[in-house]
Amino acid sequence: MSIPEVTLNDGHKLPNLGLGTYQLKGGSGLQQVLAAIKSGYRLIDSATNYDNEGIVGKAIRMSGVPRAEFFVTSKLPGKYHDYESARDAIQESLARMGLDYFDLFIIHWPLPKRGLYVEAWQALVDAQKQGLIRSIGVSNFEPEHLDRIIEKTGVTPAVNQIEVHPYWVQEENLLENLRRVVKVQAWSPLGRGSSALKEPIVQEIADKYGKSTSQIITRWHLDRGIIPVLRSANPAHQRENLDVFDFELTNSEITAINDLNRADGRIDGQDPNEYEEFE
């Protein structure tokens, strides 16, 4: 199945839907990533902190699909935010994956209390100039974090991967990214096991289109201009997640799902201004 592409602010294209690989590890993870590639996934999203860059890279090499057809992402953990550590970490990630370059490399969390994310961003900028990374981006950055790195380096991220799902709609944050021409990706786009899939309005819309509730929420992201990064270890679910490009939601249906937003909707209460990554 072919996935439509979108164009980033640096001119590179990326698929409009990706595979998240969080918790896909070891031999079983290798087979799960291979199954996803066989189903048509080309945006493969990993991270140093997922401890699976090795098997993701191995799956890409074993797949028989040309490297140029993939859009491979990994992420810089907070412990490597200082400039030299960030430069080394990028090269180590590439070595673990067995790749010559990343299509996208992003800072996993801003960690503003540490105050080193500008250094980390400069390391990504320089690694991009060196040809180690094609597109550079960030994750969990608030508008003020975006503005600071843009002001300090003159380089705008191509992507900001943030938490978005029906209980955490992020409408204002989405608009702030769009104003800066930063493409938004959604992590945990279905809510990571949340009850959003069982919401009556989502089920009602699913019945109308003859789709599953997860497909409706995935389409809700796409219709808002967001790239969903969906994690699934089940090949049937992986294929189902791709089957969302033959319909569109109406504005009223999008609004109805937006109305599920909650003031405390974050999955784990991870405020980017406070969260200390995996500590």
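Below you will find a few notes about this structure. As the structure is a computational prediction, the values presented were derived from the model and not from experiment.

The next point concerns the environment of Ala47. Secondary-structure assignment places Ala47 in the loop between β4 (43–45) and α2 (53–62). Here Ala47 falls in the buried class, since its relative accessible area comes to 0%. As for Ala47 and Ile107, which are separated by 60 residues in sequence, their C-alpha atoms are 9.7 Å apart. Beyond its immediate stretch of four places on either side in the chain, Ala47 contacts Asn52, Glu53, Ser74, Lys75 and His108.

Attention now goes to the pattern of salt bridges. According to the stated counting rule, one finds 15 salt bridges in the structure shown. Close ionic contact of Arg96 with Glu53 constitutes a salt bridge, the shortest N to O distance being 2.7 Å. One end of the pair, Arg96, is in helix α3 (residues 83–97); the other, Glu53, is in helix α2, with 43 residues separating them in the sequence. Residue Arg96 is classed as partly exposed on the basis of its relative accessible area of 39%. As a salt-bridge pair, Glu274 and Lys113 come within 2.9 Å of each other at their nearest N and O atoms. In this pair, Glu274 is assigned in the segment after α10 (251–258) and Lys113 in the loop between β6 (102–107) and α4 (117–130), connecting sequence segments 161 residues apart. You can call Glu274 partly exposed: its relative accessible area is 45%. Using a relative accessible area of 56% as the deciding quantity, one classes Lys113 as exposed.

In this section: the nonpolar core. Counting 68 residues, the largest nonpolar core has Leu124 and Ile133 as its most contacted members. The element contributing the most residues to this core is α4, with eight residues. For Leu124, the contacting residues outside a window of four places in its chain are Leu76, Ile90, Phe105, Ile106, Ile107, Ile133, Ile136 and Gly137. Counting 10 residues, the second largest nonpolar core, distinct from the first, contains Leu8, Leu14, Phe71 and Ile106.

Basis of the calculations
- Residues numbered from 1 in each chain as written.
- Predicted model: local features only at pLDDT ≥ 70, side-chain atom pairs only at ≥ 80, totals over all residues.
- Heavy atoms only, no water.
- Helix = DSSP H or I, 4+ residues; strand = E, 2+ residues; numbered from the N terminus.
- Buried < 20%, exposed > 50% of the residue type's maximum accessible area, 1.4 Å probe, protein only.
- Contact = heavy atoms within 4.5 Å.
- Salt bridge = Lys/Arg side-chain N within 4 Å of Asp/Glu carboxyl O.
- Core = buried A, V, L, I, M, F, W, Y, C linked by side-chain atoms within 4.5 Å.

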